[in-house]
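# A structural walkthrough
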Amino acid sequence: MDQLDRTVPEGRLVARRTVLEMGCGLVGLGLLAACADDDRATLPGPTPTTWTAPAEPLRFPEGFVWGSATSAFQVEGSTTADGRGVSIWDTFAAQPGRIDDGSTGDPAADQYRRWESDLDLMVDLGLQAYRFSVAWPRVVPAGSGEVNQKGIDHYRRLVDGLLDRGLHPAITLYHWDLPQPLQDAGGWAVRDTVDRFAEYAAVMFEALRDVDATWLTINEPKTTAMVGYAGTEHAPAIGDLDAGLAAVHHQLLAHGKAVEAFRAVGGQGSIGIALNLMPVYGAPGAEAAASRLDAAENRLYLDPLLRGEYPDEAIGSAAGQLNADRAAFDALVLPGDLAAISAPCDLLAVQYYGVAGIDKNGTWLEVFPPSPASWQQVHAEGLYEMLVRLTDDYADLPPLIISENGIPDPDAQGQIEDPQREEFLRTHLQQAARAVAEGVDLRQYYAWSFLDNFEWARGMTQRWGIVHVDYETQRRTPKASAQWYSGVVKANAVAPV
Ligand code: GCO
């Protein structure tokens with residue numbers, strides 16, 4: 001597997017807000033202040049490699065699974081129906097100024113009521129799988145204690161609907177909608193939430209123990225920890241980096257305890273965690289800073305999960321590190337925690353959007369042109385690099401799936417003709433196929449997202465769906481990229497154009 005030159009020429013600064021949105025957390029607060037506000041330029045990025053896609057279609061292995069993904073808070077709506085409790089995102093979205101367009105989780109894309117026609121649309125598009133998340137506040141409204149059978153019944157119907165249509169269920173247990181009472185007690189910054197999550201997970205494993213599903217415990221612990229606890233861009237908007245690091249450990253431990261519960265229930269299916277991973281490129285002389293930022297962005301999650309140890313260089317005051325209290329973080333890690341976190345899983349879900357650049361002072365650089373999501377520096381080859389790196393670096397790596405990969409429309413109105421999304425998906429799938437041809441064990445791919453939906457702090461203004469949603473009528477219209485994706489699924493291959 002070829003090694004790539006990851007150095008970049010001297011770059012210019014990335015806007016401060018972009019850094020926060022990237023979910024990197026507060027990398028040395030003082031360094032953020034050093035970022036010039038509007039001094040942005042696109043660097044040529046790392047030395048281009050010589051690889052070009054072949055003229056013939058690139059095939060995926062027999063049995064490869066093709067799907068699309070959403071999450072409960074982003075698509076369901078019906079936030080007060082059938083006993084659902086309040087989540088931290090209901091609280092956050094209700095606070096003036098938090099969401100760009102003032103929208104909330106209701107009606108979103110109204111899928112709580114429209115799920116049957118959405119599943120029919122997936123069949124029409126020839127999709128084979130659907131990744132959705134269970135809203136914890138529907139199942140355990142207070143976060144602990146009484147279980148809400150109406151909540152369980154909804155997801156039973158959804159799963160049965162998938163199975164009846166021959167669609168594979170990929171079920172995320174936590175996609176950011178923490179029950180508010182648990183946050184009132186400290187949320188992911190406190191250890192008690194670990195056991196509450198394991199109890200909730202066991203309820204769902206029991207309820208669906210007959211289903212051969214792909215289970216994902218926690219979606220992007222990094223984003224929750226760094227953007228919601230270290231930062232204030234996401235719920236619960238704590239703004240304390242030490243709380244963010246505590247949220248890292250407690251979410252990883254919660255994942256491990258959920259895996260234990262899954263094994264104890266003895267259900268069908270497979271289980272893993274979903275990590276958003278980001279290749280990091282250093283400007284000349286910034287190799288050490290790039291390595292430290294890679295530790296903060298990637299190895300802080302990969303190493304405990306796959307090696308049973310935290311990386312040494314993620315936390316500290318040097319360029320690229322998370323400028324938190326290392327002793328306080330170490331004190332959170334109790335005997336047995338790392339063994340639980342690194343319990344063998346059946347898969348690792350990779351969520352890939354783009355890359356990051358850094359200079360020797362720790363300032364984030366723009367090394368590739370961003371998508372309409374300013375934090376997303378688009379570089380398809382970075383997906384190949386990350387997949388190969390995982391395979392090279394982690395001896396006991398389980399099979400991989402790509403549980404999110406996508407790009408937003410250029411504007412809030414959205415479009416049916418979305419050539420940029422077809423280009424994004426094609427180039428990224430070519431790189432994934434390239435990695436598979438070099439021995440990477442990749443089993444499933446989920447385009448983000450099936451529907452235009454509530455894009456967190458961007459509200460309804462950023463559209464990531466392969467299917468357009470008219471929010472006035474809730475009418476669904478497949479975009480051109482959905483039709484193109486149908487062809488990829490049918491051929492189990494990605495053609496050059
Ligand atoms: C994430 C989340 C998704 C986002 C998507 C686009 O990866 O941040 O899992 O909920 O909507 O990534 O930002």
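Rules used throughout
Residues numbered from 1 in each chain as written. Predicted model: local features only at pLDDT ≥ 70, side-chain atom pairs only at ≥ 80, totals over all residues. Heavy atoms only, no water. UniProt positions renumbered as here; feature names shortened; annotations may be inferred. Helix = DSSP H or I, 4+ residues; strand = E, 2+ residues; numbered from the N terminus. Contact = heavy atoms within 4.5 Å. Core = buried A, V, L, I, M, F, W, Y, C linked by side-chain atoms within 4.5 Å. Buried < 20%, exposed > 50% of the residue type's maximum accessible area, 1.4 Å probe, protein only. Salt bridge = Lys/Arg side-chain N within 4 Å of Asp/Glu carboxyl O. Expected span 1.5 Å × (residues − 1). Polar contact = N/O pair within 3.5 Å; in protein donor to acceptor, adjacent residues only side chain to side chain. Axes fitted to C-alpha atoms, helices over the stretch in contact; angles between N-to-C directions. Parallel < 35°, antiparallel > 145°, perpendicular 65-115°, else oblique. Left-handed = near helix turned anticlockwise from the far one by under 90°. Near = heavy atom within 4 Å. Areas by Shrake-Rupley, 256 points an atom, 1.4 Å probe, with all protein chains shown as cover. Pairing = 2+ DSSP bridges. 1 Å grid on protein atoms, 1.4 Å probe; cavity = no way out; pocket = protein on both sides within 12 Å on 5 of 7 lines; lining within 4 Å. Points joined across faces, edges and corners; volume = space filled by probe spheres on them.

### Thoughts on the UniProt feature "active site" (unreviewed entry) in the protein chain
With numbering matched to this structure, UniProt assigns "active site" (unreviewed entry) to Glu220 and Glu404. A compact arrangement is adopted by the annotated residues: their sequence extent is 185 residues, whereas the largest C-alpha distance between any two is 10.4 Å. Within the secondary structure, Glu220 is located in the loop between β5 (214-219) and α10 (221-229). When near neighbours in sequence (up to four residues on either side) are disregarded, Glu220 contacts Trp176, Ala274, Asn276, Gln351, Tyr353 and Glu404.

### Here's the deal with the nonpolar core
Within the largest apolar cluster, 143 residues are counted, with the highest numbers of intra-cluster contacts made by Trp89, Trp188, Phe197, Met204, Trp215, Leu390 and Tyr485. For this core, the leading source of residues is helix α11 (residues 241-265), giving 12 residues. Counting 15 residues, the second largest nonpolar core, distinct from the first, contains Ala170, Leu347, Tyr353 and Ile401.

### Let's talk about the pattern of salt bridges
Applying the stated rule across the entire model yields 33 salt bridges. A salt bridge links Arg156 to Asp210, with the shortest nitrogen-to-oxygen separation between them at 2.9 Å. Of this pair, Arg156 sits in helix α7 (residues 149-164) while Asp210 sits in the loop between α9 (192-207) and β5, and the two are 54 residues apart along the sequence. Assessed through its relative accessible area of 22%, Arg156 is described here as partly exposed. Among the salt bridges present, the one from Arg389 reaches Asp294, with a minimum N-O distance of 2.7 Å. Here the residue Arg389 occupies a position in helix α15 (residues 381-393), and Asp294 occupies one in helix α12 (residues 287-307), the gap between them amounting to 95 residues. Each member of the pair, Arg389 together with Asp294, is buried.

### Details of α7
Over its 16 residues, α7 extends 22 Å from the first C-alpha to the last, a length consistent with the 22 Å expected when each residue adds 1.5 Å. Burial in α7 covers these residues: Gly151, Ile152, His154, Tyr155, Leu158, Val159, Gly161 and Leu162. Among the structural elements, α3 (72-75), α5 (111-124), β3 (129-133), α6 (136-139), β4 (168-174) and α9 are those in contact with the buried residues of α7.

### Quick notes on the environment of His428
If you trace the backbone, His428 turns up in helix α16 (residues 419-437). Remark: the alpha-carbon pair of His428 and Ser449, spanning 21 residues in sequence, is separated by 15 Å. Leaving out residues up to four positions away in the same chain, His428 has contacts with Tyr352, Val378, His379, Ala380, Leu383 and Asn405. A polar contact is formed between the side chain of His428 and the side chain of Thr427, at a distance of 3.5 Å.

### Focus on the packing of α7 against α9
Contact geometry for α7 and α9: axes closest at 11 Å, N-to-C directions at 45°. Here α9 runs oblique to α7, going by the angle between their axes. At the point where α7 passes α9, the crossing takes the right-handed sense. Here α7 contributes Ile152, Tyr155 and Arg156 to the contact with α9, which in turn contributes Val203, Met204 and Ala207.

### Some points on the site of the ligand
For the ligand, the set of nearby residues contains 13 residues, the closest of which are Gln74, Glu220, Tyr353, Glu404 and Glu455. The side chain of Glu404 places a nitrogen or oxygen atom 2.6 Å from an oxygen atom of the ligand. One of the side-chain nitrogen or oxygen atoms of Glu455 is found 2.6 Å away from an oxygen atom of the ligand. Surface burial for the ligand is 95%, taken as the share of its 320 Å² of free accessible area covered by protein chains.

### Quick notes on the pairing of β5
Among the six residues that make up β5, six are buried, leaving the element largely enclosed by the rest of the structure. Of the pairings in the sheet, the one linking β4 to β5 comprises four bridges and is parallel in character. Each residue of the ladder has a partner; that of Ala170, found in β5, is Thr214. Two strands pair when backbone bridges link them, and β5 and strand β6 (residues 270-276) are joined in this way by four bridges, in the parallel orientation. The residue of β6 that forms the bridge with Thr214 is Ser270.

### Looking at the sheet that holds strand β9 (residues 356-358)
Strand order in the open sheet made by the three strands is β7-β9-β10, with mixed pairing throughout. A strand with exactly one partner marks an edge of an open sheet, and here the two such strands are β7 (280-282) and β10 (364-365). One ladder, built from two bridges, connects β9 with β10; its direction is antiparallel. Bridging from a neighbouring strand, Ile358 pairs with Trp364 of β10. Contacts from α12 reach β7, β9 and β10, with the element oriented near 165° to β7.

### Some remarks on the sheet that holds β3
Taken in spatial order, the eight strands line up as β2-β3-β4-β5-β6-β8-β11-β12 and close into a barrel, and their pairing is parallel. On average, each strand axis in the sheet is tilted by 25° relative to the strand beside it, whichever way the strands run. Across four bridges, the pairing between strand β8 (residues 348-351) and strand β11 (residues 400-404) is parallel. Within the sheet, the bridge partner assigned to Leu348 lies in β11 and is Leu400. Running over the sheet, helix α17 (residues 480-491) touches β2 (65-69) and β12 (442-448) and is turned about 155° from β2.

### Comments concerning the layout of surface pockets
Approximately 190 Å³ is the volume found for the second largest pocket. Forming the walls of the second largest pocket are 15 residues, and the residues nearest its centre are Leu305, Leu306, Ala343, Pro344 and Cys345. Looking at the lining of the second largest pocket, the elements with two or more residues in it are β6 and α12. Among the elements that make up the lining of the second largest pocket, the one with the highest residue count is α12 (three residues).

### Side note on unusual backbone geometry
Of note, the bond from Asp106 into Pro107 is cis; its omega dihedral lies within 30 degrees of zero at 5°. Of note, Pro107 is situated in the loop between α4 (88-93) and α5. Of note, the bond from Ala235 into Pro236 is cis; its omega dihedral lies within 30 degrees of zero at 5°. Along the chain, Pro236 turns up in the loop between α10 and α11. A positive phi angle, near 90°, is found at Trp176, a position not held by glycine. Here Glu220, not a glycine, exhibits a phi torsion of approximately 50°, which is positive. On the basis of relative accessible area, Glu220 is assigned to the buried category, the value being 7%.

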